[in-house]
Amino acid sequence: MPKFIVYFAQLHEDFRLPELDALSKLENVRVEYDPRSYIRSSPFLVVEISSSEQAAKLVRRAILIRSIIEYWGSGRTYSDVYSEVKHEQERWALYKTSSFKFTVDAFGKSLTQEEKVRVINGFSFLEFTGPIRMRNAQAEFFVCEEYDETREPKIWFGRVVGTGSRDLIDRFDVKKRKYLGNTTMDAELSLLMANQAQAQNGMFVYDPFVGTGSFLLTCAHFGACTVGSDIDGRQIRGTAGFKRGVDGIRANLAQYNVESRVIDTAVFDASRNPWRPGPLFDAIVTDPPYGVRAGAKRQGRVGGTKSELSLRLVDGTPNHARPDYYPPTEPYEMSFVIRDLLHLAAEKLVVGGRLVYWLPTVAGEYTPHDVPEHPVLQLVANSEQPFGSWSRRLITMEKIKPLDSHEAVVPERDPAHKNFRDRYFNKFGPVA
Amino acid sequence: MRLITHNMLKCHVRNCDNPDKQFPLRFKGAELEQVEAERNDEFLVRMIPRLDWRALLVTAKELGIELPENIPEDPENDDAFLQALHTAILETHVKEGSMVCNGCNHEYKITKGIPNMLLAEHEI
């Protein structure tokens, strides 16, 4: 199959291959590559795809891919590159009279304008006779000198056949949103999660910890219909905290043209949810509360619920029926939040549906065993975003079979994210 | 709240577990609003098997909304059916009012289109 160069963004390195994988399945484009050739510190990966059209389709939604380039040559020197390019002279003929453009880039170094011009002139053997167009050229050629710590360059050359969707990051920038809160996920990661979930037209996506609704927006942008719930109605309605007075999540819908696809939000406890039994959703995309910025809580009372407190009469009315009644909550420990989330996903996802969520972990203590398991959910991806003493991991799971009467696997050891909130505020000192 | 969501919610008060009574929730004092929305046939067709049609008919009758009694053999190509379904479940919003459980009489209030399904302490 023809070779192409994937030109990644050089950040969130752990997330790049999982996104490529998710898009390959979503767009139904087969992509082959040697996983050993993937280098975290490099923005380039050589892959094989059946055609340029398929290659463009593969990356069109990508958040961590800048572009995809038809491979013409690479090497340590320009001579090496020229030799390789000269092996396929029939290919140049296709672009002899096309309008064209050369983009010269360097990774790990800066090139002066003169150096760039010299690089372009080095390719004059191609003898293109068409006009140079800086915009809307029929053929765009890409040259990049990649430098690593050894300062030995690797030179890449090819024809750009498709671009990713990094422009969406600016469009969804949280600073531009009418409504946001202190737990609002940044645009790049919210969009990435929508790709991991393979959000697309026809799908029904749920966020059980919807907060200010970032994932409802990004999944709806890619065509899915979305619903969200949260135990805290104020976050949904926008009646407390940031940008008070704005209509909560609804304020963002018109801004992103997704009013028809963000179906509803509701106030309830994800761990005591009122969904009717059986699979309802194609994906669950969420950032559960770690208990740090947003206190993780569930309905209940520390020490046990006291029915008499909600039933007692106050001025002739049962307490719970009074307009200012707010039911009590109890702390919701992280490992239980996640355990319940997996149960929820196992029950409410259709087979083939995905769960995409963030798992906080303590650096240095985390092992892969910490990623919770469930008999009907298969782990698809696990990407780390490090913050020094802690990390969070974007976990993608896929429901592989119907839920019968399976029990969840009981973990043998306390995972490193147990009591995450306390450990965070104790600066991850040793466990007592 | 759109009717598609209502079709998926049941009463979850502790010990209220008669499936015939706890679902669908009955509307009380419902203030409706029709809001035009872009029709999405792929989504509609995909959701048909996930809807509880019997319950949807009960609710539609309750609110005076037109909905065919039966799902056609080939809904994908039945434009009239899809339009009726679209209007009923995606364009009909309950803005205010409440949803009442026929089993335990718990009332879930709806404010500005957002239902509050938190339970009181004695119902958890």
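Residues numbered from 1 in each chain as written. Chains lettered and ligands numbered in written order. Predicted model: local features only at pLDDT ≥ 70, side-chain atom pairs only at ≥ 80, totals over all residues. Heavy atoms only, no water.

With respect to the overall build of chain B
Next, step 1: The number of helices and strands found in chain B is 5 helices and 4 strands.
Next, step 2: Taken over the C-alpha trace, chain B has a radius of gyration of 15 Å; the compact-globule value for 124 residues is 14 Å, and the two agree within 12%.
Next, step 3: With the C-alpha coordinates aligned to their principal axes, the bounding extent of chain B is approximately 50 × 30 × 20 Å.
Next, step 4: Here chain B holds 124 residues, and the buried ones make up 54% of them.
Next, step 5: Within chain B, counting contacts between residues at least 6 apart in sequence, those at least 24 apart form 66% of the total. (Helix = DSSP H or I, 4+ residues; strand = E, 2+ residues; numbered from the N terminus. Rg over C-alpha atoms; globule rule 2.2 N^0.38 Å. Buried < 20%, exposed > 50% of the residue type's maximum accessible area, 1.4 Å probe, protein only. Contact = heavy atoms within 4.5 Å.)

Considering the overall build of chain A
Next, step 1: Looking only at helices and strands, chain A features 13 helices and 18 strands.
Next, step 2: The dimensions of chain A, computed from C-alpha atoms along their principal axes, are 90 × 45 × 40 Å.
Next, step 3: Expressed as a percentage of its 432 residues, the buried residues of chain A come to 56%.
Next, step 4: Taking all contacts inside chain A whose residues are at least 6 apart in sequence as the whole, residues at least 24 apart take part in 74%.
Next, step 5: Only carbon and sulfur atoms are counted for the fraction: they give 49% of the accessible area of chain A, which is about 19,500 Å².
Next, step 6: Looking at charge distribution, chain A has the averaged site of its 56 positive side-chain charges lying 4 Å from that of its 55 negative ones. (Areas by Shrake-Rupley, 256 points an atom, 1.4 Å probe, with all protein chains shown as cover. Lys, Arg positive; Asp, Glu negative; His and termini not counted. Charge placed at Lys NZ, Arg CZ, Asp CG, Glu CD.)

Thoughts on the packing of aromatic side chains
All names here are of chain A.
Next, step 1: Applying the stated criterion to the full structure yields 36 aromatic pairs over all chains.
Next, step 2: The interplanar angle of 40° and the centroid separation of 5.1 Å between the aromatic rings of Phe44 and Trp156 together place this pair among those described as tilted. In this pair, Phe44 is assigned in strand β3 (residues 44-49) and Trp156 in strand β7 (residues 153-163), connecting sequence segments 112 residues apart. Residues Phe44 and Trp156 agree in their burial class; the two are buried.
Next, step 3: Seen from their ring centres, Tyr82 and Phe123 are 5.2 Å apart, and the 90° between their planes marks the pair as edge-to-face. In this pair, Tyr82 is assigned in helix α3 (residues 78-86) and Phe123 in the loop between α5 (113-122) and β6 (139-147), connecting sequence segments 41 residues apart.
Next, step 4: By relative accessible area, Tyr82 is classed as buried at 19%.
Next, step 5: With a relative accessible area of 2%, Phe123 lands in the buried category. (Phe/Tyr/Trp six-rings, centres within 6.5 Å; stacked < 30°, edge-to-face > 60°.)

Re the pairing of β7(A)
Residue and element names in this part refer to chain A.
Next, step 1: The element β7 is extensively covered by neighbouring structure, given that 9 of its 11 residues are classed as buried.
Next, step 2: Sheet topology note: the strand β4 (residues 65-75)/β7 ladder contains 8 bridges and is antiparallel. Bridge pairing in β7 links Gly73 to Phe157.
Next, step 3: Counting the residues in the hairpin turn of β6 and β7 gives 5 residues, including Arg151, whose phi is positive at 65°. (Pairing = 2+ DSSP bridges.)

Some remarks on helix α2 (residues 52-59) of chain A
Along an α-helix, residues three or four positions apart point the same way, because every turn accommodates 3.6 residues.
All names here are of chain A.
Next, step 1: All buried positions along α2 are accounted for by Ser52, Ala55, Leu58 and Val59. The buried residues of α2 occupy an angular sector of 115° when the element is viewed end-on, so they sit on one face.
Next, step 2: The elements touched by buried residues of α2 are β1 (3-8), α1 (13-27), β2 (31-32), β3, β4 and β7. (Arc of directions from axis to C-beta.)

Some words on the sheet that holds β1(A)
Two pairing modes exist for strands in a sheet, parallel and antiparallel, and in both the strands are linked by backbone hydrogen bonds.
Residues and elements named next belong to chain A.
Next, step 1: With mixed pairing, 7 strands are arranged side by side in an open sheet as β2-β3-β1-β4-β7-β6-β5. Each of the sheet's edge strands pairs with one partner strand only, and the pair in question is β2 and β5 (100-107).
Next, step 2: Sheet strands in contact with α2 are β1, β2, β3, β4 and β7, and its direction is about 90° off that of β7.
Next, step 3: Packing against the sheet, α5 makes contact with β5 and β6, and its axis sits at approximately 125° to β5. (Axes fitted to C-alpha atoms, helices over the stretch in contact; angles between N-to-C directions.)

Brief notes about the confidence of the model for chain A
Next, step 1: This prediction gives chain A a mean pLDDT of 92; 95% of its residues lie at or above 70.
Next, step 2: Here residues 408-412 of chain A is a poorly scored stretch, pLDDT under 50, and it has 4 contacts once near neighbours within four places are set aside; other chains count. (pLDDT = per-residue confidence, 0-100.)

Considerations on the layout of surface pockets
Next, step 1: The space that makes up the second largest pocket amounts to roughly 690 Å³.
Next, step 2: Lining the second largest pocket are 24 residues; nearest its centre among them are His320(A), Pro323(A), Tyr325(A), Lys109(B) and Asn116(B).
Next, step 3: Elements supplying a minimum of two residues to the lining of the second largest pocket: α9 (233-237) of chain A together with β3 (107-111) of chain B.
Next, step 4: Looking at which element gives the most residues to the lining of the second largest pocket, the answer is β3(B), with 4 residues. (1 Å grid on protein atoms, 1.4 Å probe; cavity = no way out; pocket = protein on both sides within 12 Å on 5 of 7 lines; lining within 4 Å. Points joined across faces, edges and corners; volume = space filled by probe spheres on them.)

A word on the environment of Ile5(A)
Residue and element names in this part refer to chain A.
Next, step 1: Topologically, Ile5 is positioned in strand β1.
Next, step 2: With 301 residues separating them in the primary sequence, Ile5 and Lys306 have C-alpha atoms 63 Å apart.
Next, step 3: Sequence-distant contacts of Ile5, defined by excluding residues within four places in its chain, comprise Phe44, Leu45, Ser67, Ile68, Ile69, Tyr71, Trp156 and Phe157.

Comments concerning the environment of Ser83(A)
Next, step 1: Within the element layout of this structure, Ser83(A) appears in helix α3.
Next, step 2: Between the C-alpha atoms of Ser83(A) and Gly73(A), which are 10 residues apart in sequence, the distance is 8.2 Å.

Topic: the side chain of Gln196(A)
Next, step 1: If you trace the backbone, Gln196(A) turns up in helix α7 (residues 187-196).
Next, step 2: Contact partners of Gln196(A), with chain neighbours within four places excluded, come to Pro18(A), Glu19(A), Ala22(A), Arg354(A), Val356(A), Ala381(A), Leu394(A) and Thr396(A).

Quick look at the packing of α7(A) against helix α8 (residues 214-221) of chain A
Residue and element names in this part refer to chain A.
Next, step 1: At their nearest, the axes of α7 and α8 sit 9 Å apart, and the two run at 55° to each other. When the axes of α7 and α8 are compared, the pair comes out oblique. Here α7 and α8 pass one another in a crossing that is right-handed. Here Ser190, Leu191, Met193 and Ala194 of α7 lie close against α8, whose contacting residues are Ser214, Phe215, Thr218 and Cys219.
Next, step 2: Taken together, the residues of the contact of α7 with α8 break down into 5 nonpolar, 3 polar and no charged. (Parallel < 35°, antiparallel > 145°, perpendicular 65-115°, else oblique. Left-handed = near helix turned anticlockwise from the far one by under 90°. Nonpolar A, V, L, I, M, F, W, Y, C, P; charged D, E, K, R; others polar.)

Observations regarding empty space enclosed by the protein
With a probe scaled to a water molecule rolled over the atoms, the places where space remains empty come into view.
All names here are of chain A.
Next, step 1: Summed over all chains, the structure comprises 2 cavities of 30 Å³ or more.
Next, step 2: By volume, the largest cavity is sized at about 40 Å³.
Next, step 3: Considering the residues around the largest cavity, the lining is formed by Phe209, Ala270, Ser271, Tyr332, Val337, Asp340, Leu341 and Leu344.
Next, step 4: Class assignment for the residues of the lining of the largest cavity results in 6 nonpolar, 1 polar and 1 charged.
Next, step 5: Of the voids in this model, the second largest cavity is the one considered here, and its volume is about 30 Å³.
Next, step 6: Elements with a minimum of two residues in the lining of the second largest cavity: β9 (225-230) and β10 (262-267).
Next, step 7: For the lining of the second largest cavity, the class distribution of residues is 4 nonpolar, 4 polar and 1 charged.

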